[in-house]
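# Topology and contacts: notes
Listed here are the chains, written in short residue letters.
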Amino acid sequence: MSTIRRQSIISSGVVYIGFALGALNNLLFAKWLPPDENGLVIGMFVAIGNIMYPIATFGMPSFINKFYPYYKANLKDRDDDMMSVALLLTLGAFLLVIAAGLVFQPLVIRKFGNNSALLVHYYYWIFPFGLGLSLLYVLEAFGWQLKRSILTNFLRELLWRALNTVLIVLLFLGVLRSHDAFIKLYSLNYLWVAGILLVFLLRKKELHFVFRISRVTKKFLPKVKSLILLAWSAGIILNLSMYFAQPVIGAVVAGGLSAVAVFTIGQFIASLVMAPQRAVAAAAIGPLSQAWRDGDHQRISRIYHRSAINQLIFAIGIFILIAINFRDAIMFFGLKPEYLAAETVFLIIGLNRVIDMGTGLNTQIIGTSIHWRLDFWTGMILVSLTIPLNYILAKRYGIIGPAIADLITFGLYNTIRCLFLYRKYQMNPFDRRTLIALLLGIALYYGCRLLFGGYSGFGWMVLRSVVFSALYGGSILLFRLSDDVIPVWNTVKKRLGLRSAPTR
């Protein structure tokens, strides 16, 4: 666990800096862009791009995560055709995405022309956005196997957002002469990031283009076909479920892209709750793949359990910090009053993210196992509920509807996957510390509301945050809620010259 812990901690730092930069971008976009343009770039571009990429990647990230150890163990680097196959299939599949986009363009005009006219106007610029995201996902999966999770998280979470920051600042300063130029350049940023990662891997000679089929590919081809077809289907279904809300809001909710902007702000802030998950997943994918290959179920169970409690501790802390300060933050940063409506969206989606974090790495464990077909079947259940629920609830409750649908569907999705791992392998992410963490969070949330609920302003935001963080962090150490927090705390104390507490 030490390698996973180290990479997770460093990657978490990178991810949180990236999220802080993303929060700055959302703030600047909300202040300097009209609401409809804001809804287009932070809502529609991101949502549709994330619906495109699982179609275009054709299950290649799952193929890399599952079979990389076999290629590595049986082939020399100059004979390893894994990434050549993955990148060529991705490019070929994206051509089909473009073709489908052209075929369905009249439908897009009909559905979005009234409420979301800007989406129709910039329709073609969604495709370079989606292509860059698709290539980045494939290259990132390979980088994870090379134990380059810190680099890949830096590129995706930090560099991409830094490029967006540069664009919005250039627009504000007048260097970019028009909002039209800003939107078009924004659509190219993922392509730049993917290109940088590709060049890095080539220069380090960790990526080789091999245009002949290897014996490993021939040997595992039947299994690879089954994996990628189901992973492809499952990925499409999962991302359609996760990002269907923005297109539905843009099509049926009054205000169109402006409503999308408000929803997406609440959704983005809720995503802060999940910031550590990407770092932990990136660091754990390689060890999980190897552990399944070695049949080491005990190690998998240990990763599952420890990831669950670590993620839950982080999730509860971030969720409550944001919840007790949300309205003050909107007012302090001078955002338009309509963005106050994002608070309810945050609370509902944020609660769902806490649940998701608390169930650990069930997706990664199942995805690297022989039971990866479960991704498809649970995804089918998810999408069969998500699409109708989003549509019905959005028409009835506006932007709150998709948030409620998200809580219902993903709660069921995680429950099924946790029950599967428990019944199949007796792997359980929960113990008494899970309950203690939840009760502790609830008690401190209501305590802060009772003490500081009647006060507002920046100073009270700081005071609430300091009091909560001190009580929450101290309680985690007092109750020893995580086996990984204590070693980190002891390292901090050692560097400060203080006496370390004994570890378990």
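Described below are features of the structure shown in this document. All of these numbers come straight from a predicted model, not from anything done at the bench. All chains use their own residue numbering, which begins from 1 and follows the written sequence. It should be noted that, the model being predicted, local features are given only for residues of pLDDT at least 70 and side-chain atom pairs only at 80 or more, the latter also being counted only at that level, while totals for whole chains, interfaces and linings use all residues. The side-chain figures draw on all heavy atoms in the structure; neither hydrogens nor water molecules are used.

### As for the overall build of the protein chain
- The way it works is that DSSP assigns letters per residue, a run of H or I at least four long becomes a helix, a run of E at least two long becomes a strand, and they are numbered from the N terminus. Summing up its helical and strand segments, the protein chain has 23 helices and zero strands in all.
- Within these notes, the globule rule equals 2.2 Å times the number of residues to the 0.38 power, and the radius of gyration is based on C-alpha atoms. The C-alpha atoms of the protein chain give a radius of gyration of 23 Å, which matches the 23 Å a tight globule of 504 residues would have.
- Considering only C-alpha atoms, the protein chain reaches an extent of 70 × 65 × 45 Å along its principal axes.
- Working definition: with a 1.4 Å probe on protein chains only, accessible area under 20% of the residue-type maximum means buried, over 50% means exposed, and in between means partly exposed. The proportion of buried residues among the 504 residues of the protein chain is 55%.
- Long-range contacts, defined here as pairs at least 24 residues apart, represent 83% of the contacts in the protein chain between residues at least 6 apart.
- In these tables, accessible area is a Shrake-Rupley quantity obtained with a 1.4 Å probe, and a residue counts as shielded only by the protein chains included in the view. Within the structure as shown, the protein chain displays about 22100 Å² of accessible surface, and the carbon and sulfur contribution to it stands at 67%. By the convention used here, residues are in contact when the closest approach between their heavy atoms is within 4.5 Å.

### Here's the deal with unusual backbone geometry
- Look at Phe58: it is not a glycine, yet its phi comes out positive at around 55°.
- By secondary structure assignment, the location of Phe58 is in the loop between α2 (35–57) and α3 (60–74).
- Residue class for Phe58 comes out partly exposed when judged on its relative accessible area of 22%.
- Phi is positive for Lys205, which is not a glycine, with a value near 55°.
- Looking at the secondary structure, you find Lys205 in the loop between α10 (189–203) and α11 (215–243).

### Quick notes on the packing of aromatic side chains
- Between the rings of Phe, Tyr and Trp (Trp by its six-membered ring), a pair exists once the centres lie within 6.5 Å; its type follows the angle of the planes, with under 30 degrees stacked, over 60 edge-to-face, and the other angles tilted. Across all of its chains, the model carries 32 aromatic pairs by this definition.
- Consider the rings of Phe29 and Tyr186, whose centres lie 6.4 Å apart with planes at 70°: the pair is edge-to-face. With Phe29 in helix α1 (residues 2–32) and Tyr186 in helix α9 (residues 179–186), this residue pair connects regions lying 157 residues apart in the sequence. For the pair shown, Phe29 and Tyr186 are each scored as buried.
- Centroid distance Phe332 to Phe333: 5.1 Å. Interplanar angle 75°. Geometry classified as edge-to-face.
- When its relative accessible area of 38% is taken as the criterion, Phe333 is described as partly exposed.
- Through a chain of ring-to-ring contacts, three or more aromatic side chains come together here, namely Phe29, Phe45, Phe129, Trp160, Phe182, Tyr186 and Tyr190.
- If you follow Arg156 out to its NZ or CZ, it ends over the ring of Tyr137, 4.1 Å from the centre. Here, over-ring charges are defined by two tests on the NZ atom of lysine or the CZ atom of arginine: distance to the ring centre within 6 Å, and angle to the ring normal within 35 degrees.

### Comments concerning the pattern of salt bridges
- We count a salt bridge whenever a side-chain nitrogen from Lys or Arg sits within 4 Å of a carboxyl oxygen from Asp or Glu. Inspection of every chain in the model, using the stated rule, returns 11 salt bridges.
- Of the charged contacts in the structure, one is a salt bridge between Arg433 and Asp483, with a shortest N-O distance of 3.3 Å. Pair noted here: Arg433 is in helix α21 (residues 432–452) and Asp483 is in the loop between α22 (458–479) and α23 (485–495), with a separation of 50 residues, a long-range link.
- Within the structure, one salt-bridge network assembled from shared partners comprises Asp431, Arg433 and Asp483.

### Focus: the packing of α2 against α9
- One can describe the packing of α2 onto α9 by two numbers: an axis separation of 11 Å at closest approach and a directional angle of 15°. Judged by the angle between their axes, α2 and α9 are roughly parallel. Handedness of the α2/α9 crossing: right-handed. On the side of α2, the interface is formed by Glu37, Leu40, Val41, Ile42, Phe45 and Val46, while α9 contributes His179, Phe182, Ile183 and Tyr186.
- In this classification, Asp, Glu, Lys and Arg are treated as charged, Ala, Val, Leu, Ile, Met, Phe, Trp, Tyr, Cys and Pro as nonpolar, and every other residue, Gly included, as polar. Partitioning the contact of α2 with α9 into residue classes produces eight nonpolar, one polar and one charged. To obtain an axis, a line is fitted to C-alpha atoms, over the contacting stretch when the element is a helix, and the angle between two such axes runs from 0 to 180 degrees between their N-to-C directions. By definition in this entry, angles of less than 35 degrees are roughly parallel, angles greater than 145 are roughly antiparallel, angles of 65 to 115 are roughly perpendicular, and the rest are oblique. Handedness of each helix crossing follows the sense of rotation of the near helix against the far helix: counterclockwise by less than a right angle gives left-handed, clockwise gives right-handed.

### Section: the environment of Trp292
- Of note, Trp292 is situated in helix α14 (residues 275–294).
- Trp292 sits 77 residues away from Ser369 along the chain, and the two C-alpha atoms are 6.2 Å apart.
- Setting aside anything within four residues of it in sequence, one finds Trp292 in contact with His297, Ile300, Ile365, Thr368, Ser369 and Tyr425.
- Here a polar contact means two N or O atoms within 3.5 Å. Within protein one must be a hydrogen donor candidate and the other an acceptor candidate, and residues neighboring in sequence count only if both atoms are side-chain atoms. Here Thr368 takes part through its side chain, which lies 3.3 Å from a polar atom of the side chain of Trp292.

### Points about helix α15 (residues 297–323)
- For a helix, the expected span equals 1.5 Å multiplied by the residue count minus one. In a regular helix each residue adds 1.5 Å, so 27 residues correspond to 39 Å; α15 covers 38 Å between its end C-alpha atoms and thus fits that length.
- Of all 27 residues making up α15, 20 are buried, and the element is well covered by its neighbours.

### Observations concerning the side chain of His371
- Within the secondary structure layout, His371 lies in the loop between α18 (362–367) and α19 (373–397).
- Setting aside residues no more than four positions away along its own chain, His371 makes contact with Ile366, Phe420, Lys424 and Tyr425.

### A short note on α3
- For α3, which comprises 15 residues, the first-to-last C-alpha distance of 20 Å matches the rise-based estimate of 21 Å (1.5 Å per residue) to within 8%.
- Taken together, the buried positions of α3 are occupied by Met60, Pro61, Phe63, Ile64, Asn65, Lys66, Phe67, Tyr68, Pro69 and Tyr71.

### Points about a nonpolar patch on the surface
- A contiguous nonpolar patch, built from Phe332, Phe333, Phe458, Val462 and Val466 and spanning about 460 Å² of accessible area, is present on the exposed surface.
- In terms of residues, the nonpolar patch owes the most to one element, α22, which gives three residues.
- Position of Phe458 relative to the elements: it lies in helix α22. Think of a patch as exposed residues, more than 30% relative accessible area, with no salt bridge, where like charges cluster within 9 Å and nonpolar side chains (Val, Leu, Ile, Met, Phe, Trp, Tyr) cluster within 5 Å.

### Comments concerning the packing of α3 against helix α4 (residues 82–103)
- For the pair α3 and α4, the least separation of the axes is 10 Å and the interaxial angle reads 170°. Judged by the angle between their axes, α3 and α4 are roughly antiparallel. Contacts between α3 and α4 pair Met60, Phe63, Ile64, Phe67, Tyr68 and Tyr71 from the former with Met82, Met83, Val85, Ala86, Leu89 and Thr90 from the latter.
- For the contact of α3 with α4, a count of residues per class yields 11 nonpolar, one polar and no charged.

### What about the nonpolar core?
- By nonpolar core is meant a set of buried Ala, Val, Leu, Ile, Met, Phe, Trp, Tyr and Cys residues that side-chain atoms within 4.5 Å join together. Grouped together as the largest cluster of nonpolar side chains are 122 residues, with contacts concentrated most on Leu40, Phe63, Ile64, Met83 and Phe182.
- Per-element tally for this core: the top contributor is helix α7 (residues 126–145), with 11 residues.
- Those residues in contact with Phe182 that lie beyond four places of it in its chain are Phe29, Leu33, Val41, Leu167, Ile168, Leu171 and Leu176.
- By size, the runner-up hydrophobic cluster in this structure holds 17 residues, among which are Val280, Leu288, Tyr425 and Met427.

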